[in-house]
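A structural walkthrough
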Protein chains: 2
Amino acid sequence: MELSERKLRILQAIIGDFISSAEPVGSRTLSKNHDMGLSPATIRNEMSDLEDMGYLTHPHASAGRVPSDKAYRLYVDEMMKTHDIPEELKQRISEELGTDAAPDEVAKKAAEILSDMTNMISFAITPSGRESKLLYVNVLPVADRTVVIMIVTDDGKINNTAVRLTTDYTPENLELMSKVMTHNLKGKTVNDILTMNMVQTLETDLRSLASLPQTVIPSFMQTLEKMLDSNLYMEGYSKVFSLPEYSETDKAKEILSLVEKKDHLTNVLVNRDDGLVITIGDENSDDMKDMALITADYRVNGKLVGKLGVLGPKRMRYGEISSVIKYLTDNINRSFEITGDEDDADKEATGAPEETEFEL
Amino acid sequence: MELSERKLRILQAIIGDFISSAEPVGSRTLSKNHDMGLSPATIRNEMSDLEDMGYLTHPHASAGRVPSDKAYRLYVDEMMKTHDIPEELKQRISEELGTDAAPDEVAKKAAEILSDMTNMISFAITPSGRESKLLYVNVLPVADRTVVIMIVTDDGKINNTAVRLTTDYTPENLELMSKVMTHNLKGKTVNDILTMNMVQTLETDLRSLASLPQTVIPSFMQTLEKMLDSNLYMEGYSKVFSLPEYSETDKAKEILSLVEKKDHLTNVLVNRDDGLVITIGDENSDDMKDMALITADYRVNGKLVGKLGVLGPKRMRYGEISSVIKYLTDNINRSFEITGDEDDADKEATGAPEETEFEL
DNA sequence: TATTAGCACTCTGTCTGTTTGAGTGCTAAT
DNA sequence: ATTAGCACTCAAACAGACAGAGTGCTAATA
């Protein structure tokens, strides 16, 4: 059998109705609401065909029809329209994301806005530092026997850890240490430094600094490890209660427990393809088989990838939500692309970079 | 009427039973379960008295009795026992909180442990930086026209923000700037700096650095403002579903929406008295009238106050939960008290502190 | 006089049967 | 090819019956 023009129109109407009502849609109501010049009986016949073709299902004998995963997929691929973003939302986005804040702040804000707009659970993960390149390392004095290791990477993140030493330091020690570490590690990715055993080399180079490296290097490595993690920000989890599919406590519990496993969720998001990705029902992993997930990536400095997403029932306003996500990520990308003039003058300062490609 | 020894015993039994079953407890079951040598009829009479005295209520004519807020209060004040912490929990706490991590990490971990142990929603707020004293300020070169302002305070927090400048800097500029700012602001609290208009003075002192301060000072103030905020970490919100009082969706929604208003919750916690505080039912603000909240503060460097708390139904295992919270906060306090030797040698390094009282 | 047994009464929750409404599928008429 | 009509199905809403757990009161008891 073939998907005639008319079948398509009927299918689209059913999907549309079901998305907004969450009730199985019957032939009679459909013919009333959409006045497509067909009697309920005709529509019934078409519906029956559509069911045979796998686009519709029947919760039970005397209920209306519900779109199948296949139908949603068709809808998303062929029938979905992009929506314009209301002016006030644009305004809000530019206000709250406009300033060049830290990646973490941006992710959090974006998740908030997304949840407000879509009335669903939304989240954002910040980029993993895995592929970010070291710009420079600085070991700074803070107090007696306490120093701070500061690591700056090319994605605009600044990471620091305080380290308590077992021996005294001299400012010259630290300065030298900063220089040696920066010189050896500059341009390498965090991942590289952690996997290739760079520590060996470093420790050799720093042997002259007596016992200092013994306490500083491990902390340095720990800080790097922390930079591998993505942070997950989530918003709007109490919104599920207003959706009929989660009116039963078990269902609500299901989605909320899922979403509380932050590590798992982060994993799912990290492993997703880039670009705007929509997965529906069966296309998801087992624990999301009756949900839909829409995500898009955003980039910091054109390379590191964070993700923004919305999770909810398959009955989703795919068009609107993807438009909003798209708009948001585009906006974030733009705000992180603002690049200053790059007149690589060679500054010589304590542990300062000799040449950089820093963009914020 | 007076609370006889026997009435107390009966009341205690009722509260105990209700806490573990969540069902109104009747005279018959009580006499069975506790074998206190009294017939149901006698117990009924006593119950009736207890009801007259305001310790029990009656959901409806033929239901068992339920403790009133007044009863819980009595229980908490007079009958509650402290519990020993199981060895394995102690172990876990010392493992996960033992290392001297950053305050934020500690708060997060503590909330996790607390939620695991109590099976309730738990949270932790990190101390506001309001009262932390500036140790020193360092303005560091990162790239062309990009510097990082780094602020170190006496509570072990290190805060930094990247700033894009409109003009070029020289390392000497920055060094001088760091020194002037540190000299002027050292020992002052974040709050003081923000309220007393210190900026004026600073800008005058820094006039020699031409246009640099114009871009750096505002960012500096912004960073300080960020330090005023407490962070709220929350865990275990999907646990509410296993509690009978939240089996209805509205009830679950109620508590989860409450808990999603992070700002509000932070406020409630911040404004609470220090020490172990238990508030029950009516003692809470309007939106928590049928819940109980247990909190305790923890200190960083003996002064800054963070809070740890558990929120749930009034039917709470007050004894166990307070014991765990107590143990946790004691532990955190201890881990933040470890103070290194303080042999104030005067180190002269780039922007290094001239004298310090840094404790980690 | 305090305690207890006994009994009538009350309320909730569950179970069952009935009705109603929305829907389908099929067939026969258009 | 389309549609009207009709029998049939199922879920949800409703009402009545019943069991269970409880109370309160009264009268008997130690």
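Rules behind the numbers
- Residues numbered from 1 in each chain as written.
- Chains lettered and ligands numbered in written order.
- Predicted model: local features only at pLDDT ≥ 70, side-chain atom pairs only at ≥ 80, totals over all residues.
- Heavy atoms only, no water.
- Helix = DSSP H or I, 4+ residues; strand = E, 2+ residues; numbered from the N terminus.
- Rg over C-alpha atoms; globule rule 2.2 N^0.38 Å.
- Buried < 20%, exposed > 50% of the residue type's maximum accessible area, 1.4 Å probe, protein only.
- Contact = heavy atoms within 4.5 Å.
- Pairing = 2+ DSSP bridges.
- Axes fitted to C-alpha atoms, helices over the stretch in contact; angles between N-to-C directions.
- Near = heavy atom within 4 Å.
- Polar contact = N/O pair within 3.5 Å; in protein donor to acceptor, adjacent residues only side chain to side chain.
- Nonpolar A, V, L, I, M, F, W, Y, C, P; charged D, E, K, R; others polar.
- Phe/Tyr/Trp six-rings, centres within 6.5 Å; stacked < 30°, edge-to-face > 60°.
- Lys NZ or Arg CZ within 6 Å of the ring centre and 35° of its normal.
- Patch = residues over 30% accessible without salt bridge, like charges linked within 9 Å, V, L, I, M, F, W, Y side chains within 5 Å.
- Areas by Shrake-Rupley, 256 points an atom, 1.4 Å probe, with all protein chains shown as cover.
- Salt bridge = Lys/Arg side-chain N within 4 Å of Asp/Glu carboxyl O.
- Lys, Arg positive; Asp, Glu negative; His and termini not counted.
- Charge placed at Lys NZ, Arg CZ, Asp CG, Glu CD.
- 1 Å grid on protein atoms, 1.4 Å probe; cavity = no way out; pocket = protein on both sides within 12 Å on 5 of 7 lines; lining within 4 Å.
- Points joined across faces, edges and corners; volume = space filled by probe spheres on them.
- Domains from an automatic or database assignment.

**So, the overall build of chain A**
Secondary structure summary: chain A contains 13 helices and 10 strands in total. Taking 21 Å as the expected radius of gyration for a compact globule of 360 residues, we find that chain A reaches 27 Å, considerably beyond that expectation. When the backbone C-alpha atoms are referred to their principal axes, chain A occupies close to 90 × 40 × 35 Å. Taking all 360 residues of chain A together, 55% fall into the buried category. Long-range contacts, defined here as pairs at least 24 residues apart, represent 62% of the contacts in chain A between residues at least 6 apart.

**Structural notes on the sheet that holds strand β6 (residues 158-164) of chain A**
All names here are of chain A. An order of β4-β5-β6 is seen for the three strands of this open sheet, with the pairing classed as antiparallel. Here the strands that pair on one side only, and so sit at the sheet edges, are β4 (134-143) and β6. Strand-to-strand twist of the sheet, defined as the mean angle between neighbouring strand axes without regard to direction, takes the value 20°. The sheet contact formed by β4 and strand β5 (residues 146-153) spans eight bridges and is antiparallel. Its bridge partner being in β5, Ala143 is matched across the sheet by Thr146. Most of the contacts of helix α7 (residues 171-185) go to β4, to which it runs at about 165°, and overall it touches β4 and β5. Helix α10 (residues 212-228) contacts β4, β5 and β6 of the sheet and is inclined by roughly 40° relative to β5.

**Focus: the protein's contact with DNA strand D**
Neighbouring DNA strand D are 21 residues, the closest being A:Arg6, A:Thr42, A:His60, A:Ser62 and B:Ser27. A distance of 2.6 Å is found between a phosphate oxygen of DNA strand D and a side-chain nitrogen or oxygen belonging to B:Ser27. Interatomic distance of 3.1 Å between a side-chain N/O atom of B:Arg44 and a base nitrogen of DNA strand D. Looking at the surface near DNA strand D, the elements with two or more residues in it are α3 (40-52) of chain A together with α2 (27-34) and α3 (40-52) of chain B. Ranked by residue count, the leading element in the surface near DNA strand D is α3(A), at four residues. Its residues assigned to classes, the surface near DNA strand D shows six nonpolar, 11 polar and four charged.

**Looking at the packing of aromatic side chains**
Residue and element names in this part refer to chain B. Tallied over the entire structure, the rule returns five aromatic pairs over all chains. Measuring from centroid to centroid gives 6.5 Å for Tyr75 and Tyr318, while their planes differ by 55°, and the two rings are tilted. On the criterion of sequence distance, the pair formed by Tyr75 in helix α4 (residues 69-79) and Tyr318 in helix α13 (residues 318-335) is long-range, its members being 243 residues apart. Through a chain of ring-to-ring contacts, three or more aromatic side chains come together here, namely Tyr72, Tyr75 and Tyr318. Looking at Lys70, its charged tip hangs above the ring of Tyr55, at a distance of 4.6 Å from the centre.

**Let's talk about a negative patch on the surface**
Taken together, the side chains of A:Glu105, B:Glu225, B:Asp229 and B:Asp263 present a region of like negative charge at the surface. Considering the arrangement of structural elements, one finds B:Asp263 in helix α12 (residues 262-270).

**What about the layout of surface pockets?**
Empty space among the atoms becomes apparent when a probe as large as a water molecule is rolled across them. All names here are of chain A. There is about 490 Å³ of room inside the second largest pocket. What lines the second largest pocket is a set of 21 residues, among which Phe18, Val66, Glu245, Asp290 and Lys314 lie closest to the centre. The residue inventory of the lining of the second largest pocket, partitioned by class, reads 11 nonpolar, three polar and seven charged. No fewer than three residues from each of domain 1 (5-79) and domain 2 (87-129 + 230-350) sit in the lining of the second largest pocket.

**Brief notes about unusual backbone geometry**
The backbone of A:Arg145 sits at a positive phi, close to 55°, despite the residue not being glycine. Within the secondary structure layout, A:Arg145 lies in the loop between β4 and β5. Positive phi outside glycine occurs at B:Ala22, with the angle close to 65°. One can find B:Ala22 in the loop between α1 (5-21) and α2. Its relative accessible area of 17% is what places B:Ala22 among the buried residues.

**Remarks on the environment of B:Glu203**
Inspection of the secondary structure assignment puts B:Glu203 in helix α9 (residues 198-205). With 49 residues separating them in the primary sequence, B:Glu203 and B:Asp154 have C-alpha atoms 24 Å apart.

**Concerning a positive patch on the surface**
Taken together, the side chains of A:Lys108, A:Lys262, B:Lys108 and B:Lys262 make up a positively charged region of the molecular surface. Its place among the elements puts B:Lys108 in helix α6 (residues 103-118). Taking the relative accessible area as the measure of exposure, B:Lys108 reaches 36% and is therefore partly exposed.

**Quick word on the pairing of β5(A)**
Residue and element names in this part refer to chain A. Most of β5 sits out of view: eight of its eight residues are buried. Residues Thr146, Val148, Met150 and Val152 line one face of β5 and the alternating positions Val147, Ile149, Ile151 and Thr153 line the opposite face, and both faces are buried. The turn linking β4 back onto β5 is made up of two residues, and Arg145 within it adopts a positive phi angle of 55°. When β5 meets β6, the two strands line up antiparallel, connected through seven bridges. Within β6, the residue paired with Ile151 across the bridge is Asn159.

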